[in-house]
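Listed below, chain by chain, are the residues.
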Amino acid sequence: MSSDRIDAESKVSGNQANIPARIRRELNIDDGDQLRWQLEDDGSIRVHVIQQQTGTFADFDGYAGEEPTDVTSEHDAWGVDVE
């Protein structure tokens, strides 16, 4: 990437800066994503986009046990010994 190339510009307001729409679209930045800022030795800034995983159970692969379960009766008691 050429250092002379300007893809977009934005202004700082208070402590906040907007990400131009063209950049958001190109990098697929959405609400909830995080930006990790890195100041380089030459004074330039590198920004890494950390995209939010969608859904509450994004990493859940399901129940892999051998014991059958019944969610209608065991939902709140699963893993709790009932006397």
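Going by the structure above, here's the rest.
What comes next concerns the included structure.

About the cut-offs
Residues numbered from 1 in each chain as written. Predicted model: local features only at pLDDT ≥ 70, side-chain atom pairs only at ≥ 80, totals over all residues. Heavy atoms only, no water. Patch = residues over 30% accessible without salt bridge, like charges linked within 9 Å, V, L, I, M, F, W, Y side chains within 5 Å. Areas by Shrake-Rupley, 256 points an atom, 1.4 Å probe, with all protein chains shown as cover. Salt bridge = Lys/Arg side-chain N within 4 Å of Asp/Glu carboxyl O. Helix = DSSP H or I, 4+ residues; strand = E, 2+ residues; numbered from the N terminus. 1 Å grid on protein atoms, 1.4 Å probe; cavity = no way out; pocket = protein on both sides within 12 Å on 5 of 7 lines; lining within 4 Å. Points joined across faces, edges and corners; volume = space filled by probe spheres on them. Nonpolar A, V, L, I, M, F, W, Y, C, P; charged D, E, K, R; others polar. Buried < 20%, exposed > 50% of the residue type's maximum accessible area, 1.4 Å probe, protein only. Pairing = 2+ DSSP bridges. Contact = heavy atoms within 4.5 Å.

A few words now on a nonpolar patch on the surface. On the surface, a cluster of nonpolar side chains totalling about 470 Å² of accessible area is made up of Trp37, Leu39, Ile45 and Val47. Among the secondary structure elements, those contributing two or more residues to the nonpolar patch are strand E3 (34-39) and strand E4 (45-50). Structurally, Ile45 is set in strand E4.

Attention now goes to the layout of surface pockets. Here the largest pocket defines a volume of roughly 1000 Å³. Surrounding the largest pocket, 25 residues form its lining, Asp7, Ile23, Leu27, Ile45 and Val47 being those nearest its centre. Only helix H1 (21-27), E3 and E4 provide two or more residues apiece to the lining of the largest pocket. Along the lines of polarity and charge, the residues of the lining of the largest pocket split into 14 nonpolar, four polar and seven charged.

Moving on, we come to the pairing of E3. In terms of burial, E3 is a largely surface element, zero of the six residues being buried. The pairing of E3 with E4 spans six bridges and is antiparallel. Within the sheet, the bridge partner assigned to Trp37 lies in E4 and is Val47.

By the secondary structure assignment, Trp37 is in strand E3. Taking the C-alpha atoms as reference points, Trp37 and Val49, separated by twelve residues in sequence, lie 9.0 Å from one another. In contact with Trp37, other than residues within four places in its own chain, are Ile45, Arg46 and Val47.

Applying the stated criterion across every chain yields a total of one salt bridge. With a closest N to O distance of 3.1 Å, Arg46 and Glu40 form a salt bridge. Given the relative accessible area of 45%, Arg46 is considered partly exposed.

Turning our attention to unusual backbone geometry. The backbone of Asn28 shows a phi angle near 55°, a positive value even though the residue is not glycine. Its place among the elements puts Asn28 in the loop between H1 and E3.

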